[in-house]
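Listed here are the chains, written in short residue letters.
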Amino acid sequence: MFFLARYCKLLEENSFRGRTADFFYMLLFGATVLTSIVLIGGTIPYISETFARILFLSNSLTFMMVYVWSKHNPFIHMSFLGLFTFTAAYLPWVLLGFSILVGSSTWVDLLGMIAGHVYYFLEDVYPRMTGRRPLKTPSFIKALFADDNVVVAARPPNAGVGAAARFGGVGAADPQFQ
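The rules behind each value
- Residues numbered from 1 in each chain as written.
- Predicted model: local features only at pLDDT ≥ 70, side-chain atom pairs only at ≥ 80, totals over all residues.
- Heavy atoms only, no water.
- Helix = DSSP H or I, 4+ residues; strand = E, 2+ residues; numbered from the N terminus.
- Buried < 20%, exposed > 50% of the residue type's maximum accessible area, 1.4 Å probe, protein only.
- Contact = heavy atoms within 4.5 Å.
- Axes fitted to C-alpha atoms, helices over the stretch in contact; angles between N-to-C directions.
- Parallel < 35°, antiparallel > 145°, perpendicular 65-115°, else oblique.
- Left-handed = near helix turned anticlockwise from the far one by under 90°.
- UniProt positions renumbered as here; feature names shortened; annotations may be inferred.

Enquirer: How do you make sense of the overall build of the chain when you look at a structure like this?
Expert: A tally of helices and strands in the chain yields eight helices and two strands. Overall, the chain shows an N-to-C arrangement of helices and strands of α-α-α-α-β-β-α-α-α-α. Relative to its full complement of 178 residues, the chain shows a buried share of 32%. Pairs at least 24 residues apart make up 55% of the contacts formed inside the chain by residues separated by at least 6 positions.

If you want it as structure tokens, here you go:
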């Protein structure tokens, strides 16, 4: 939960500031990639048993966000348990190593890294190489989110005075509204 809250917030406030639809599309893309990997991996002999043990993909999606954040902020200095310092570019690998040390399944972390790398490559690397952007957020998703700054026009000084007085509200006689 800590990683979900921290890195989701950091991505949304920095890399995706003012681009809520793009952030949602990243999460949707990651969930789709992770689900596809598990479904396809479940049909391959010898490794299907490993994928059958993965019940929830939320940890993989969280790890994907950590991976994308680390790629967008590679030079931030970090410390792991106060033992050693490293730059954020190595954060997914440090967390993967920690998963190995504590004996938990590394498949969940690896799936998140794969999904994060696919997103990062298609969104950041490939467009710089070719000038084409394959992960452009669809317009129907952009229509769901109000990313544009809302501008409220200034009200003329006497606007609404008559309506307020007619309906027994505060009118021109109230010095607070003058």
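Enquirer: How do you make sense of the packing of helix α5 (residues 91–102) against helix α6 (residues 107–130) when you look at a structure like this?
Expert: In a pair of packed helices, the angle between the axes and the distance between the axes together describe the arrangement. Interhelical geometry of α5 versus α6 gives an angle of 165° and a closest axis separation of 9 Å. Relative to α6, the element α5 lies roughly antiparallel. By crossing handedness, the relation of α5 to α6 is classed as left-handed. Listed contacts from α6 to Pro-92, Trp-93, Leu-95, Leu-96 and Ser-99 of α5 are Asp-109, Leu-110 and Met-113.

Enquirer: Whenever I open this one, the UniProt feature "transmembrane region" (unreviewed entry) in the chain confuses me. Can you help?
Expert: Sites flagged by UniProt as "transmembrane region" (unreviewed entry) map to residues 23–44, 50–69, 81–101 and 107–126. With 52% helix and 19% strand, residues 81–101 has end C-alpha atoms that lie 14 Å from one another. From the first C-alpha to the last, residues 107–126 spans 26 Å; its make-up is 100% helix and 0% strand.

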